[in-house]
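Okay, here's what each chain looks like letter by letter:
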Amino acid sequence: VSLRPISVLKFGSSVLAGRRDLKHAVHEIYRELREARRVVAVVSALGRTTDRLLGEARHFGESEPAALALLLSTGESRAVALLALALQRAGISTSILDPEQLGLRTHGSLLDGEPFALDAALIRRELELSSVVVVPGFVGRDSSGATSLLGRGGSDLSALFLAHRLGASCRLLKDVDGVYERDPAPDRAAACALPRARRYATLAWDDALAVGGAVVQTKALRFAREHALEFEVGRVGAAAHTRIGSEATRFAPADGPPRRLRLALLGLGTVGLGVHRELQRFPERFEVASILVRDRFKRRASAFGELDPELATQDPAAVLDSGCEAIVELLGGVSTAADLVGRALERGLDVVTANKQLVVERGAALEAVASRSGSLLLHSATVGGAVPVLETVRHLAATRPIAGFEGIVNSTTNFVLEWLSEGDDLETAVGRARWRGYCEADPRLDLDGTDAAHKLELVARAAFGGGVAVRWLERRGIDGLCAGELQSAGASGETIRLVASCARATWGLEARLAPRRVPCSSLLGRTRGVENCFAIRTHDGETLVLRGKGAGRWPTTEAVLGDLLELSRLRQSSAAPVEEVAR
Ligand code: NAP
Ligand code: HSE
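Note that the structure is a prediction, hence the values are computed from the model and not measured.

Concerning the site of ligand 2
If you check the shell around ligand 2, you find Lys356, Asn410, Ser411, Thr412, Tyr438, Cys439, Glu440, Asp446, Asp451, Lys455, Gly550 and Ala551 and nothing else. Within the side chain of lysine 356, an N or O atom sits 2.7 Å from an oxygen atom of ligand 2. In this structure, an oxygen atom belonging to ligand 2 sits 3.4 Å away from a side-chain N or O atom of asparagine 410. For ligand 2, whose accessible area on its own is 260 Å², the fraction buried by protein is 93%.

What to know about helix H2 (residues 49-58)
Of all the residues in H2, the buried ones are Thr49, Thr50, Leu53 and Ala57. End-on view of H2: buried residues confined to an arc of 95°, all on one side of the axis. On its buried side, H2 packs onto helix H3 (65-89).

A few points about the site of ligand 1
Taken together, 24 residues surround ligand 1, and among them Leu268, Asp295, Arg300, Glu440 and Gly552 come closest. The separation between an oxygen atom of ligand 1 and a polar main-chain atom of leucine 268 is 2.8 Å. Bound to the protein, ligand 1 loses 85% of the 900 Å² it would expose on its own. Its residues assigned to classes, the shell around ligand 1 comprises 9 nonpolar, 9 polar and 6 charged.

Some points on the pairing of strand E5 (residues 114-117)
For a regular strand, side chains alternate in direction, first toward one face of the sheet and then toward the other. Across 3 bridges, the pairing between strand E4 (residues 105-107) and E5 is antiparallel. Across the sheet, the residue bridging to arginine 105 is alanine 117, located in E5. In sequence, E4 turns back onto E5 through a hairpin of 6 residues, with glycine 108 there showing a positive phi of about 85°.

Some points on the side chain of serine 568
Here serine 568 lies in helix H20 (residues 553-574). Not counting the four nearest positions on each side in its chain, serine 568 is found in contact with Leu261, Arg285 and Phe286.

With respect to the sheet that holds strand E17 (residues 326-329)
The 6 strands are arranged E16-E15-E14-E17-E18-E19 in an open sheet whose pairing can be described as parallel. Each end of this open sheet is capped by a strand with a single partner; those strands are strand E16 (312-313) and strand E19 (377-378). In this sheet, strand E18 (residues 350-353) lies alongside E17 in parallel orientation, the contact comprising 4 bridges. Along E18, the bridge assignment pairs valine 328 with valine 352. Running at roughly 165° to E17, helix H12 (residues 335-346) makes contact with strand E14 (261-266), strand E15 (286-292), E17, E18 and E19 of the sheet.

Some remarks on the packing of aromatic side chains
Enumeration according to the criterion identifies 5 aromatic pairs in this entry. Considering the side-chain rings of phenylalanine 415 and tyrosine 438, the 5.3 Å spacing of their centres and the 75° angle between planes classify their relative orientation as edge-to-face. You can see phenylalanine 415 sitting in helix H15 (residues 411-421) and its partner tyrosine 438 sitting in the loop between helix H16 (426-435) and helix H17 (444-447), a full 23 residues away along the chain. Accessibility classification places phenylalanine 415 together with tyrosine 438 in one group, the buried group. Here a set of aromatic residues connected by ring pairs shows up, and it is made of Phe415, Trp419 and Tyr438. Across from the ring centre of phenylalanine 251, 3.8 Å away, lies the NZ or CZ of arginine 198, which sits over that ring. In this arrangement the basic side chain of arginine 475 is found over the ring face of tryptophan 472, its NZ or CZ atom lying 5.4 Å from the centre.

Observations concerning the side chain of threonine 450
Along the chain, the position of threonine 450 falls in helix H18 (residues 450-464). The class of threonine 450 is buried, set by a relative accessible area of 14%. Among the polar contacts made by the side chain of threonine 450, one reaches the side chain of aspartate 448 at a distance of 2.6 Å. Ignoring sequence-local partners within four residues, the contact set of threonine 450 consists of Leu445 and Arg475.

Topic: the pattern of salt bridges
If you walk through the whole model with that rule in mind, you get 44 salt bridges. The residue glutamate 566 makes a salt bridge to arginine 34 at a minimum N-O spacing of 2.5 Å. Of this pair, glutamate 566 sits in helix H20 while arginine 34 sits in helix H1 (residues 22-34); the two residues are 532 residues apart in sequence, bridging distant segments of the chain. A residue is classified by how much of its surface remains accessible, and glutamate 566, at 32% relative accessible area, is partly exposed. A network of salt bridges, in which partner residues are shared, links Glu28, Arg31, Glu32, Arg37, Arg171, Glu230, Glu232 and Arg243.

A word on unusual backbone geometry
Its identity as a non-glycine residue notwithstanding, alanine 36 has a phi of 60°, on the positive side. As for its placement among the helices and strands, alanine 36 is situated in the loop between H1 and strand E2 (38-43). For phenylalanine 138, which is not glycine, the phi dihedral falls at a positive 75°. Of the residues examined, phenylalanine 138 reaches a relative accessible area of 8% and is grouped as buried.

Considering the nonpolar core
Generally speaking, nonpolar side chains in soluble globular proteins are found buried as a group. Among the nonpolar cores identified, the biggest contains 55 residues, and Phe11, Ile29, Leu83, Ile92, Leu279, Val560 and Leu564 are the most heavily contacted of them. Core analysis: the second largest hydrophobic core is formed by 48 residues, Ala453, Ile496, Cys502 and Ala511 among them.

Notes on the packing of H12 against helix H13 (residues 356-373)
Helix packing for two helices is described by the angle between their axes and how far apart those axes are. The geometry of H12 relative to H13 is characterised by a closest axis approach of 9 Å and an angle of 15° between their N-to-C directions. As judged from the angle between their axes, H12 and H13 are roughly parallel. Here H12 runs over H13; the crossing is right-handed. Here Ala337, Ala338, Val341, Gly342, Leu345 and Glu346 of H12 lie close against H13, whose contacting residues are Leu358, Arg362, Leu366, Val369, Ala370 and Ser373. Its residues placed into classes, the contact of H12 with H13 shows 8 nonpolar, 2 polar and 2 charged.

Focus on the sheet that holds strand E24 (residues 531-538)
Taken in spatial order, the 6 strands of this open sheet run E21-E23-E22-E20-E24-E25, and their pairing is mixed. The open sheet has two edge strands, strand E21 (470-475) and strand E25 (543-549), and neither has a second partner. Between one strand axis and the next, the sheet turns through 20° on average, direction left out of account.

So, the pairing of strand E9 (residues 169-174)
Burial of E9 is extensive: 5 of the 6 residues sit out of reach of the surface. In this sheet, E9 lies alongside strand E1 (residues 6-11) in parallel orientation, the contact comprising 5 bridges. Among the inter-strand pairings, leucine 9 is bridged to a residue of E9, identified as arginine 171. Inspection of the sheet shows E9 paired to strand E11 (residues 231-235) by 4 bridges, in the parallel sense. Counted as the bridge partner of leucine 173 is glycine 234 from E11.

The rules behind each value
Residues numbered from 1 in each chain as written. Chains lettered and ligands numbered in written order. Predicted model: local features only at pLDDT ≥ 70, side-chain atom pairs only at ≥ 80, totals over all residues. Heavy atoms only, no water. Near = heavy atom within 4 Å. Polar contact = N/O pair within 3.5 Å; in protein donor to acceptor, adjacent residues only side chain to side chain. Areas by Shrake-Rupley, 256 points an atom, 1.4 Å probe, with all protein chains shown as cover. Buried < 20%, exposed > 50% of the residue type's maximum accessible area, 1.4 Å probe, protein only. Helix = DSSP H or I, 4+ residues; strand = E, 2+ residues; numbered from the N terminus. Arc of directions from axis to C-beta. Contact = heavy atoms within 4.5 Å. Nonpolar A, V, L, I, M, F, W, Y, C, P; charged D, E, K, R; others polar. Pairing = 2+ DSSP bridges. Axes fitted to C-alpha atoms, helices over the stretch in contact; angles between N-to-C directions. Phe/Tyr/Trp six-rings, centres within 6.5 Å; stacked < 30°, edge-to-face > 60°. Lys NZ or Arg CZ within 6 Å of the ring centre and 35° of its normal. Salt bridge = Lys/Arg side-chain N within 4 Å of Asp/Glu carboxyl O. Core = buried A, V, L, I, M, F, W, Y, C linked by side-chain atoms within 4.5 Å. Parallel < 35°, antiparallel > 145°, perpendicular 65-115°, else oblique. Left-handed = near helix turned anticlockwise from the far one by under 90°.

Keep in mind these values describe shape, not function.
Next up, the structure:
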């Protein structure tokens, strides 16, 4: 059994209507990573690109298939590149494979071919290095190496074919949350005086072929039936979906009315501004009721749009009384944050925080309040930025005992070490990191190892449970390092990294944090700039490696938003009725 199973997610043109929608695909991919899965993202051309390209080809009269296939395939190539850029900006480690590398071979017509081969070993290798591989749907190569296509809607078939060859699960993401008995648009139902269309919870393959052709490519449905391949059809961000496979066909219960989660933001700095900006992409899910800042007249980056002056306040009581259902704590520091988070939890509000110091120092007491009042305290962003370390470790620990872990957990020091080896002095290098928003409010907490030690403790709790004692064998930051040590490491093909490690010992846990010389070509040596890297060892001798950007506005925002979307889904699903109707 793989330590991290593979999910194939297919994003169609209706989902990726334009560049702005790429962010939704990023969040959906991140949702899978939080479930400790690796992702192959199969993408179609954005929006109406394929129709536009077909229009261009029509200028030349009847098209020759090889030229037309090549022209249409440019739409998928562009979508692959743009999604990879969006993922990388969010700090998610991503590889791309073009049709040649993918080795998806077809036979039959150049414009409507049948896939028969794939370089599955290469995809698996790429997934060892990066958690996400982005590939074009719809496009392959025929036996002569010419570009071939899988027919209209052929990205569905690409995704199912990949899932079959990789032994992966598959979800086709559409602009509807599943397959319906007929067009679910409410105005259509009203025009024909019909009740609202019902969504299928499950659809047997034969029934899917009878009713699902408008949503899933018929050729893809036939492929799934022929290979007994189960898969899901759903909408980005939604919990509801239709499962197509061996189960009998059943309708889903009617969905409850959409619920907006009313939030208060505490802090509008590096991370707060990013979270505020991303929340605006989900007007149907989130509403910001109030924002706590130290100085409500401070100028904020204009790139984040106008801030409603009525929302910002310097009064903590007003934030808690804003009628919010959850707070997002992005202040930093312990005393004010602990007071406000504690009061919020007591009132039954859910809390999302990125504050490691708070969770390390006050987590146990706050968890106790949360469990008394039935609220949740989520803190994905406390470790790893866009790398879902805590979630992955919890998933892993639930199935196999963990022996230990090792890695680079503080981005500022990694970034600073790189600039020191380029010749910067410490002050200049730290200035660069501060300017990019990587440092703690007091950067000494990064440099002396406090921030890394906090993160190590949080990962240890996720891996081994909260009650296990940690004994520090060594605990140093990079503040005592001198330039000569970096130079001498460089002269022998090595570099210096601040490495945190923790392992089970007979009596408890042994932890170390110290600058270490590592070969430049090693996994830790190749961890550059703001990247984090975690190698988690299981008791049965396997190692799982996670990497990605560990700090900065967008990676941290991704993690905070991951928690918020989870909260929103939990509330949505608890609002749904339970009745089921057989078809
Ligand atoms: P930041 O840029 O310094 O922003 C802090 C925000 O909180 C500011 O908007 C500030 O208001 C407000 N604030 C602070 N103390 C306040 C108080 N007592 N009352 C009212 N408002 C207050 O910090 P950040 O980098 O966004 O970090 C926020 C949290 O996320 C920290 O816990 C940090 O450890 C964590 N984190 C950060 C990163 C990262 O890469 N930056 C990554 C992971 C986790 P003003 O704007 O008016 O000054
Ligand atoms: N100051 C922290 C770091 C922010 O540099 O890693 C991310 O937790």
